[in-house]
Amino acid sequence: MYLVGLTGGLATGKSTVAAVFQEHGIPVIDADIIAREVVEPGKPAWHKIRSEFGPEVFLETKYLDRAKLGELIFNDVEKRRKLNAITHPDIYKKIYWQVFRYFIQGHPFIILDMPLLFETGHMLDFLHKIIVVTCEEDLQLQRLIERNGFTEAKAKVRVATQMSLEKKAEMANFVIENSGSQNDTREQTIKVINVLRCSKQHWKLRCLVGFCCTVLLAGAYWLKNKNSNKK
């Protein structure tokens, strides 16, 4: 099994692309969903955030007020670093576990939906291919304003905090342009799926894993026999 990264910018339409992969039976690990799961009430990260940032960043329901916390850390690099130090270990632990589970199930490849893939750089060394979803800048701002209720000025500031779409596209193996119709985006995604399904990379990796397992088992068998002969 090999890993394919899916990324883009704020409001470029990654969720739309991810849904097409899922419709075709391809597992998608969504880092945003996992990030929400690890801070649910009672989880270790929830307690650490409450201790570090106080009860004011939580709703009456005890769930994290993501909007308020986002405003708190947005212009404070040190607070953002502290939050990442709290949440990232749990996030990546869950990602690795899900990857392992899908590997055991025999999937040839899976999608890692990671909004800040290039910005963090954590998973880049493990990815066989990278897909970047882009759209026109004006459309991106319009979507972000409508989705989050931002002013235009605030939306521009949020977009500017991420790596530019042009630079991300240059680092990608596939670029899906999501400025047109949903059907156009779907067709582009299906073409990428067809290319990925033709790859033999997953057989290479499975053979390598199988070889390593065989060597380990042979070594264990040899040590067992050696110890038995000594007796």
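Residues numbered from 1 in each chain as written. Predicted model: local features only at pLDDT ≥ 70, side-chain atom pairs only at ≥ 80, totals over all residues. Heavy atoms only, no water.

1. What about the environment of Leu-117?
Here is step 1 of the chain: For Leu-117, the position within the fold is in helix H6 (residues 117-120).
Here is step 2 of the chain: For the pair Leu-117 and Ala-31, spaced 86 residues apart in sequence, the C-alpha separation works out to 9.8 Å.
Here is step 3 of the chain: In contact with Leu-117, other than residues within four places in its own chain, are Gly-5, Thr-7, His-122, Met-123, Leu-124, Leu-127 and Ile-130. (Helix = DSSP H or I, 4+ residues; strand = E, 2+ residues; numbered from the N terminus. Contact = heavy atoms within 4.5 Å.)

2. Things to note about the pattern of salt bridges
Here is step 1 of the chain: Scanning all chains against the criterion turns up ten salt bridges.
Here is step 2 of the chain: Linked through salt bridges whose partners overlap, the residues forming this network are Glu-71, Lys-154 and Arg-158. (Salt bridge = Lys/Arg side-chain N within 4 Å of Asp/Glu carboxyl O.)

3. Structural notes on the nonpolar core
Here is step 1 of the chain: Judged by nonpolar contacts, the single largest core of 34 residues is most densely connected at Ile-29, Ile-49, Phe-53, Ile-95, Val-99, Leu-112 and Met-114.
Here is step 2 of the chain: Here the element with the most residues in this core is helix H5 (residues 77-105); it accounts for seven residues.
Here is step 3 of the chain: Ignoring any residue separated from it by four or fewer positions in sequence, one finds Ile-95 in contact with Ile-29, Ile-34, Leu-112, Met-114 and Met-123.
Here is step 4 of the chain: Within the second largest apolar cluster, 18 residues are counted, among which are Val-17, Ala-18, Phe-21 and Phe-109. (Core = buried A, V, L, I, M, F, W, Y, C linked by side-chain atoms within 4.5 Å. Buried < 20%, exposed > 50% of the residue type's maximum accessible area, 1.4 Å probe, protein only.)

4. A few points about the packing of helix H4 (residues 66-74) against helix H8 (residues 152-160)
Here is step 1 of the chain: Contact pair H4 / H8: the axes reach a minimum separation of 13 Å and the direction vectors enclose 65 degrees. Here H4 is positioned roughly perpendicular relative to H8, judged by the angle of their axes. When you trace H4 past H8, the crossing you get is left-handed. Here Gly-70, Glu-71 and Phe-74 of H4 come into contact with H8, specifically with Lys-154, Val-157 and Arg-158.
Here is step 2 of the chain: Classifying every residue of the contact of H4 with H8 by side-chain character gives two nonpolar, one polar and three charged. (Axes fitted to C-alpha atoms, helices over the stretch in contact; angles between N-to-C directions. Parallel < 35°, antiparallel > 145°, perpendicular 65-115°, else oblique. Left-handed = near helix turned anticlockwise from the far one by under 90°. Nonpolar A, V, L, I, M, F, W, Y, C, P; charged D, E, K, R; others polar.)

5. Regarding the pairing of strand E3 (residues 109-113)
Here is step 1 of the chain: Within E3, five of the five residues are buried, leaving the element largely enclosed by the surrounding structure.
Here is step 2 of the chain: Neither face of E3 is exposed, since Phe-109, Ile-111 and Asp-113 on one face and Ile-110 and Leu-112 on the opposite face are all buried.
Here is step 3 of the chain: Relative to E3, strand E1 (residues 2-8) runs parallel, the two sharing five bridges. The partner of Leu-3 across the bridge, within E3, is Ile-110.
Here is step 4 of the chain: Both strand E2 (residues 28-30) and E3 contribute to a ladder of three bridges, which runs parallel. Its bridge partner being in E3, Val-28 is matched across the sheet by Ile-111. (Pairing = 2+ DSSP bridges.)

6. So, the side chain of Gln-188
Here is step 1 of the chain: Following the sequence through the fold, Gln-188 ends up in helix H10 (residues 182-198).
Here is step 2 of the chain: Only 2.8 Å separates the side chain of Gln-188 from the backbone oxygen of Glu-177, close enough to count as a polar contact.
Here is step 3 of the chain: Once residues within four sequence positions are removed from consideration, Gln-188 is found in contact with Val-175, Ile-176 and Glu-177. (Polar contact = N/O pair within 3.5 Å; in protein donor to acceptor, adjacent residues only side chain to side chain.)

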